[in-house]
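Chain by chain, the residues:
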Amino acid sequence: MGLPFSRMAHTLRNSAPAMSPYGQPPQRPYHSMPQATPPTQQITNQMSAMNIGGYAPNPIQSPQSPTSSAAPQPFQMSPPTPMGHAPLSPQGPQLPPLSACPPMAASPPVGVPPMVMPNCQPGSPLMGGGGFQPQAGPQGFPQQPGSYGGQVPGSQMAGPPAGAFPGAFPGGAAQMAGPPQKKLDPDSIPSTTQVIEDDQVKRGGQLYTTNLRGQVPPFVTTSFSVQDQGNASPRFMRCTTYSFPCTSDLAKQCQVPLATIIKPLASVPKNETPLYIVNHGEAGPIRCNRCKAYMCPFMLFIDGGRRYQCGFCNCVNEVPVQYFQHLDHMGRRLDMYERPELSLGSYEFTATLDYCKNNKPPNPPAYIFVIDVSYNNIKSGLVKLICDELKTLLDQLPKEEGAEGSAIKVGFVTYNKILHFYNVKSALAQPQMMVVSDVAEMFVPLLDGFLVNFQESRAVINNLLEQIPDMFSDTNESETVFAPVIQAGVEALKAAECSGKLFIFHSSLPMAEAPGKLKNRDDRKLVNTEKEKTLFQAQRGIYEQLTKECVNQGCCVDLFLFPNQYVDLATMADVPAHTGGSVYKYSNFQVQVDGQHFLSDLRQDVKKSIGFDAMMRVRTSTGFRATDFYGAIYMNNTTDVEMAAVDCEKAVTVEFKHDDTLSEDVGALIQCALLYTSISGQRRLRVHNLSLACSSQLSDLYKSCETDALINFFAKSAYHAMLAQPVKVVREILVKQTAHMLACYRKNCASPSAASQLILPDAMKVFPVYMNSLLKTPALVGSAELSTDDRAFHRLSVMAMGVEESQVLFYPRLIPVHSMDVASEAVPSAVRCSEERLSDTGAFLLENGQCIFLWLGQACPPDIIQNFFNVPSLAHLGTDMSSLPELDNGHSKKLHSIICAISQQRSSSTKMVIVKQKDRSEMLFRQHLVEDKGLYGGASYMDFLCYVHREIRQLLT
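My aim in this report is to walk through the structure given alongside it, one point at a time.

Cut-offs applied
- Residues numbered from 1 in each chain as written.
- Predicted model: local features only at pLDDT ≥ 70, side-chain atom pairs only at ≥ 80, totals over all residues.
- Heavy atoms only, no water.
- Helix = DSSP H or I, 4+ residues; strand = E, 2+ residues; numbered from the N terminus.
- Buried < 20%, exposed > 50% of the residue type's maximum accessible area, 1.4 Å probe, protein only.
- Polar contact = N/O pair within 3.5 Å; in protein donor to acceptor, adjacent residues only side chain to side chain.
- Contact = heavy atoms within 4.5 Å.
- Expected span 1.5 Å × (residues − 1).
- Arc of directions from axis to C-beta.
- Pairing = 2+ DSSP bridges.
- Axes fitted to C-alpha atoms, helices over the stretch in contact; angles between N-to-C directions.

Focus: the side chain of Arg-832
Piece 1. Turning to its location among the elements, Arg-832 is positioned in the loop between strand E25 (813-816) and strand E26 (843-847).
Piece 2. You can call Arg-832 buried: its relative accessible area is 4%.
Piece 3. Reaching out from Arg-832, the side chain makes a polar contact with the backbone oxygen of Pro-190 at a distance of 3.4 Å.
Piece 4. Residue contacts for Arg-832: discarding those within four places in its chain leaves Pro-186, Asp-187, Ile-189, Pro-190, Ser-191, Thr-193, Tyr-811, Leu-814, Arg-837, Glu-931 and Tyr-941.

So, helix H1 (residues 192-203)
Piece 1. If you check H1, its first and last C-alpha atoms are 16 Å apart, about what twelve residues at 1.5 Å a residue would give, namely 16 Å.
Piece 2. When H1 is considered as a whole, its buried residues turn out to be Thr-192, Thr-193, Val-195, Asp-199 and Arg-203. End-on view of H1: buried residues confined to an arc of 165°, all on one side of the axis.
Piece 3. Among the structural elements, strand E1 (207-209) and helix H15 (767-775) are those in contact with the buried residues of H1.
Piece 4. Once H1 finishes, Gly-205 follows within two positions and takes phi at roughly 75°, a positive value.

Some words on the pairing of strand E23 (residues 668-677)
Piece 1. Across the ten residues of E23, ten count as buried, placing the element largely inside the fold.
Piece 2. Residue alternation in E23 divides its side chains into two sets, Ala-668, Ile-670, Cys-672, Leu-674 and Tyr-676 and Leu-669, Gln-671, Ala-673, Leu-675 and Thr-677, and both sets are buried.
Piece 3. Sheet topology note: the E23/strand E24 (residues 683-695) ladder contains ten bridges and is antiparallel. If you follow Ala-668 over to E24, its bridge partner there is Leu-692.
Piece 4. Connecting the antiparallel pair E23 and E24 is a turn made up of five residues, with Gly-681 showing a positive phi of about 90°.

Some remarks on the sheet that holds strand E9 (residues 316-318)
Piece 1. Here three strands make up an open sheet; going across it, the order is E7-E8-E9 and the pairing antiparallel. Strands at the two margins of the open sheet, each flanked by one partner only, are strand E7 (300-302) and E9. Between one strand axis and the next, the sheet turns by 30° as a mean value, whatever way the strands run.
Piece 2. Looking at chain direction, E7 and strand E8 (residues 307-309) are connected through three bridges and run antiparallel. In the strand pairing of E8, Ile-302 is matched with Arg-307.

In short, the description is geometric, and any link to function would need to be established separately.
Printed below as a string of structure tokens:
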């Protein structure tokens, strides 16, 4: 049997000492710091009274599943492989039949007293429990916690037949017969927008100091500044919980995954101190002899400073003579605050030759632009658009702080079913083209003059960029190759002995006779079957081989796709997905409509800070270890995370497991070390350290959970599991694990209350809405109406996301702009992401990090339309508008300032879509109203909450 999907028996290690402010003595010695306790308030969500028996004399019982002791069917995961693509299935979460989320009766059935449903705000006297009385759910819920990582008998949670209830969970109120029903009050269930706003009010604008172990940071949606005082900033590392359970039994009992999401090269805001670079000369960084952990604030100096005890493995090491320093009366080194590695959570070391390939300093990296010049791309104007943009964009290649120019070299290739290389040496009067038509044996026909410094060869390069669109203007060639293009890039970097990045601009399924030729395998009949996963698995063979070669050479692939039909994105994006690359997709590309969005993506992609030829190792203190890794990564073994490149947006999600008991006194320590080549060709080591609390009380764990990090973990582990398991099984396990986590809290941490009340941990009160949103994503909502490429694209995008990006994707911001205060500089408060919050007379912005929709109600006042678009009414607006005019009035300026503020918070560019109520384009907009029923299947937030509550009650009984 394969490995479980999210192996939950996590393990944790010792926690780190609390650190004092940089430059100031700590309040007390590092090993006896008090733990920071997150606020203890616990919220309970009041819901409407729900009658257990429904309208029948006896409670409806759902069919009992056999209580056999059949072997559990956990997710069968292969070892952490590079990200492949996952299948989707159309029906939304396939759950066991509901025994009715009892409808709201207009008057309660005989014998059941009515329950009052106040709106329960945090801090109100009702925080201990809320009345919400759904009846017991299906029998057969395993009593042993089941989870991604636990034992979840798949057989006991068989879903209903495909297509049974595309719109909602079975038995949801909509499908019940009976008297007219009173709707539950949506305001009585936990509100994500309220939770986000409360955190912003409480912690926004504050200085977050990292000197306490196990401290829960502000939300990713809250604006705050960080001062590093011994633990890594939450911009670099965020955890699913900041208090690990002491034993594996406790971890299995609660089913909360123990994981951290690491963004090793995350951007640091201008008002925060950039990372210090430490140079220890030829001796190199100081490390523990046994576990190889790098010197950090968790090392304890003893014996007058002559030796130190490693915080990770407890080994006692000699201090090198040149590093010796006396200790003060508290046992701390006198130079503690002069050395970043002794007092800060994050810093960099300059690496010595031992850390370089072949013990030689690396060359600066190269960027190679590879343009598909087949008929479609010439005709659409795309090739001319790219060439025109590169003339100015190459001036903005990334460079080291303080450097005059960029050290990155550039090269150019064009292709259709053959490849054309260009010599752009500065001494030439004209660029020279060299053609390679034998794509089966790919080689680079020139070495000198292919990769050049842009500043030196600017005239020749601009000449080439002028000529390319004309050279191919009469082409009729529509067939293309793809694998040989990547092979050519790798060969060029090998010949130049450097790492680098390929920017490939491609538009069709590569069907020309060549290695890596693909055929159309888009079979929507496989959706919701055992074979659905094959739609998302990359074709192996040459692409697998190319991935290895790219990683070995430090060659990252960024793919810009412009498809008009199926292109087998699962396979074409496989190399980018394993080399730290990005994939951008512009379906049915039109220069006038999509040109600006594409150019803005390209600019950000070329300019962003990046490291090459990277290897990451995550070390932990005794008692737990890293077991699973998810991201745009490659793994040749179980411990080394390899990335041909890693940029400021890429995150790696790491799951931990116990292998021994953890100590409450010591806590759990994590050290992430990233070895990479900088854009100037310098080999560096970036180190991030984090200390977490450990507790034998489950309540501590639940108090310090972070919902945004949890959903990032669940999304990635589910999307990884989809490659090996039927999508339906993956959905079932997600729902079961949600119920298990909440039932464990109810049983072990909540104060006693009526079984009919749904009680949620304060830190996880909006977890169900995020989980329900995940279940309705294109990747998991198996619908034959969604294109296979779109589903694969969504799945791959999420696999490399950090917590900020996944949070807004799973719960978009819906902002009313018809009533905004034009005089205020603030962005208006968001409202709940539901159709009920829209109004015919309103205008709303919805953003999810990838798109910004401006939705206009049918009865939107003419003055608003005039101010936004300079036309007299909604009827005068075209149906395919994709840009917003900048007009000289308060409303237009305010709207543009909101869009600008949103764009600055997002790491990638966002596409603008203007939607009129009742237009065809509204379907696309409505997919993002995540509190409502899914367009392609999946329950509303309310129905999902009812369902999960029944599952919890079933577990508890």
